[in-house]
Each structure stands twice: as structure tokens, then as C-alpha cells.
Amino acid sequence: MAEHAPPVGRRGRRGSLRLRTTAAAVLAVAVTLGLFTLVFAVVQRAVLDDAPRSAAEADVSRVASALEAGQTPAVAVAGDADGTLVVVLDSAGAVLAAGGEDDLVAEATRLSTVPSGGRARLDGEAFVVERDTADVAGGATDGASSGGEPSASASRDDDDDDDDDSSGRGGRGADDDAAGAADDDAADTAELTVVAARSLDEAQAASAASLVTLGVAVPVALVVLGVTTWFVVGRALRPVEAMRREVDEVTAARLDRRLRDPGGRDEIARLARTLNGMLDRLDASARAQRRFVGDASHELKTPLATIRQHAEVALLHPGSIDGQALAGTVLGEEARLTALVQGLLVLARADEGQLGVARRPVDLDDLVVAEASRLRASSPIRVDATGVGPARVVGDEPLLGQVVCNLVANAARHATSTVALALVERDGRAVLTVDDDGAGVPVADRGRVFERFVRLDEARDRDAGGSGLGLAIVAEIVRVHGGAVRVDDSPLGGARFVVDLPAG
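Because the structure is a prediction, the values reported are computed rather than measured. (Residues numbered from 1 in each chain as written. Predicted model: local features only at pLDDT ≥ 70, side-chain atom pairs only at ≥ 80, totals over all residues. Heavy atoms only, no water.)

Now for the overall build of the protein. What the protein contains, in helices and strands, is 13 helices and 12 strands. By the burial criterion, 35% of the 504 residues in the protein qualify as buried. Long-range pairs, those at least 24 residues apart, make up 66% of the contacts in the protein with a sequence separation of at least 6. Carbon and sulfur atoms make up 56% of the accessible area of the protein, which amounts to about 28900 Å² in all. (Helix = DSSP H or I, 4+ residues; strand = E, 2+ residues; numbered from the N terminus. Buried < 20%, exposed > 50% of the residue type's maximum accessible area, 1.4 Å probe, protein only. Contact = heavy atoms within 4.5 Å. Areas by Shrake-Rupley, 256 points an atom, 1.4 Å probe, with all protein chains shown as cover.)

Dropping the structure here:
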């Protein structure tokens, strides 16, 4: 019963995938929201601070304009707006007048050294400071210190100046009068500094309220996101877990089982179809392997049975069988076994991708001519090799020699009287053709003849049909050399096998 229980490790991996996905989503959103909050705080602070600064600049411009228009500093700074302080300073930095919120006027002297755009703390609050200068008449400045009335000394000076001008003593000329007038104008003009401060308390309160709101909203959003992601990922993985359970029930004895196709075109449906395709290939491979093992066992069993039969006859009836004939039978079956085992080893290495192809220049025409000579010496069949021309390929000479040998042996086995060989190199390809005048290969069987242990009905006799591995070995060797092999109709009336390889 325990063997059907879902493995703990797989459940753990599923749970960790769900957890990792949720954690990654929450972390990504948390980083994004954190950066957004930081940028928002900086931008909001700059925007909120800009309003008090603009108001302070307006206060400075208003007071400077009033001073330049002739108003006294006390009149120009009059007003008691909350969170506002306006100060007029003389050239020495002394306070001439201050206006604004009553609690701040007492701290007016603290603004004398604060630069424009700077900040100061007044009455426990932060203020932004702006300052500018104003050129005013000397009378306005004096008015600031004496309540706006001209002083007696100033009147006397004016009378004296008038007397001096009317008397014209010392014989001064027109140039001296002009210079004296310029000096009087300079003496009657003064430069005052206007300083305005606006409270940042409201801006800071608004910024703090926004940050508190974000500080509460962001964790709540992350919690909601985490819970949502957890359930969504779990729901998305549910069909995957169902597929895992179905695949877990597939065994070597039950490769015919398939996953339920959920339909649609999403990733889950594509995964189900991909897994079903994989199971189809595994099932086909397993059937081919079982067929291969059965055929190989049958092919190995037949020569062994023949050897055993002759050996038993020789033991039971020593005089009924000639020793030379027994030796010939055993050697023949041994050769058949050796060829069969070698063919099986070649195919096994090809299946594992370990055929071990040595890439060297090979004169393919030499291999074809040599095989034609061997066939002439061992068979009464007429061999026509007049169509063999020079052709060179890059590959493994022993394996390519086995290709030529298997094709020529197959043609000789099925030919009635003639086998024709041709080789030509053109367009970067080396094309080998092997023709016979036998019965040919039906169109329906032309792909099947390259499968393992396949012999057509007319060649089922072992003495005529071979083991059924020769053409399968040809197909594998040609494939690993980057070529192709096919079967066509021969001009001689039988079959034509065509091997197409890249020329070297």
C-alpha cells in the first residue's frame, strides 16, 4: 500500500515551488513599492516645500516694492498672518521693522544671518527663509527711527545748504554745483534688506500623513498579494499534480496509459500533450525493443539448434555422419552467429551514440571495386562495375566498407543473374547505386526493409534471406555519416539501393 502513496520529496518540492513563487512575487512587489514610496516622499516633500518658499518670495517682493514706493518699513511689514515673519534690516544688519505672527516677531533678529533659501527654527518650528534688497530714499530710513517725521538737524542742514547755495561764496562754478547735487542724492539713498520666513509645519505634517498612509497600505497590500498568489499558484499547480499522479502510475508493463488531455492551448494542455507524446515514443521504443530481443533470440537459437542437432546425431550414430561434413556445418553456423553478434553490437553502439566514427578521407571507389572483385570470385553472378568513378568522402573506412559489403551481398542474394554497381561524385555529393535484376522491393515495404530483423516474404528462407540486420546496419552507418539511403526501381528490373553521402 505504501508504494502507491505520493512520495514525500515530490510533495515537498511542489510545496517549495509554491512557496518560492509566492515569496518571489511578494519580494518583487515589496521592492517596487519601496522604491515608489521613496521617490514619492522625495517628490512630495519638494512640492510641499515649494509652496511656503513661493509665499516667502512673494512676501519679500511685496515689502520691497512698498519700500521702494516710499512707505516706511513699519508700514510695509504690517500684518499678522499665522506662520509668517517679515523683517526689514538696515545695511548694518539691525532690525528696522518686523511684522507677522506676534509670537515670531520677538525672534526677528535670528533671521539676519540666514541666507536666501535657507531654513531656520523659530518658536520650535521649521521655517524657509527668502531675502532680497530694496533701494529706498534716506527719508524713509530716517522715518523708521523717528516715527516718519524729518529731524530738526536735517531741516537745519537743508537751510544751511540753501544759504550756501544762495550766497555763492568762494566763486564756485557750475561743475561744483553738479558734483554737490550728486553727493546729496547718494546720501539720500539707502539699501535695506527684506527677509521673509514661512512655516514648513503644514508641509511636513502633510508629508508625514502620506508616509503613514503608505506605511499602513503597503504591508496590507503585500499580505493580500501573498495570500492571492499562494492560492492562485496552488490552483495552477493542481492539474500538474494530477498529471504527476497519472504519470506515476505508468510502468514498463503499462506503457499504454495516457494522460487526460484538458483541452485548450495553455501551458497545462501543451504539457499534457507533450507527456503523451513522450509516452507514445517510450511505448513504441519498448515494443521495438521487445520485438528486437525476440527476433535476436530466434536468430541466435536457430544456428545453435542446428549445431546441437548435428552434434547429437554424431554422438548417437557415430557412423551416420561424416566428420568433415559436421565440421563444415558447425563452421557455417559459427560464421552466421559471428556475423549476427557483430551486427547486434554495431546497432547497440549506434543506439547509444557510441558508434565511434573516425573522420578520415576515404576513397569510396576503392571499397566498391574491391567488393566487386570479391563477389566475382565467390559467385557466378555477373558483376558490372563499369559505372564506378572516383569519389572521396570523409568518414570511417571500416564502417563504409561494411555499408558497401552489406548492399552488394543483399543484391547478390536477390539477383537472378546480374548485379550492377555505380559511383559518381557531383555537386559535393558522392552517390553510390547498387542494382539487381531480382524481384525488387514493393513500394509499401521500401521503408520497412531498413528496420531490424525485417525480411520480406519471398526471402523468409534463412539460407536466402540472411539475418535481417544488414540493411538496418547500412541505414545506421549512413545516418551517422550525414547521408541517406533509399530504395528505388532498378533499370534491370529489380531493386536499386541509393546511398547519398557528403563528398570529402
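Back to the text.
Every α-helix winds through 3.6 residues per turn, so residues three or four apart in the chain are directed the same way. End to end, helix α10 (residues 364-378) covers 22 Å across 15 residues, agreeing with the expected 21 Å (1.5 Å per residue, within 8%). For α10, the full list of buried residues reads L364, D365, L367, V368, E371, A372 and L375. Buried residues in α10, looked at end-on, bunch into an arc of 160°, giving them a common side. (Expected span 1.5 Å × (residues − 1). Arc of directions from axis to C-beta.)

Below, the discussion takes up a nonpolar patch on the surface. Together, L19, V223, V227, W230 and F231 make up an exposed nonpolar region whose accessible area comes to about 500 Å². Top contributing element to the nonpolar patch by residue count: helix α7 (residues 201-248), with four residues. If you trace the backbone, L19 turns up in helix α1 (residues 8-68). According to the relative accessible area criterion, L19 is exposed, its value standing at 51%. (Patch = residues over 30% accessible without salt bridge, like charges linked within 9 Å, V, L, I, M, F, W, Y side chains within 5 Å. Salt bridge = Lys/Arg side-chain N within 4 Å of Asp/Glu carboxyl O.)

With respect to the secondary-structure elements, R121 resides in strand β3 (residues 119-122). The sequence separation of R121 and L111 amounts to 10 residues, and the corresponding C-alpha distance is 9.7 Å. For R121, the contacting residues outside a window of four places in its chain are E107, R110 and A126. In this structure the side chain of R121 is engaged in a polar contact, spanning 2.6 Å, whose partner is the backbone oxygen of G124. (Polar contact = N/O pair within 3.5 Å; in protein donor to acceptor, adjacent residues only side chain to side chain.)

To continue, consider the pattern of salt bridges. Applying the stated criterion to the full structure yields 20 salt bridges. The shortest N-O distance in the salt bridge between D363 and R392 comes to 2.9 Å. Here D363 is found in strand β6 (residues 360-363), whereas its partner R392 is found in strand β8 (residues 392-395), with 29 residues between them in sequence. Taken together, the shared-partner salt bridges connect R258, D280, D283 and R287 into one network.

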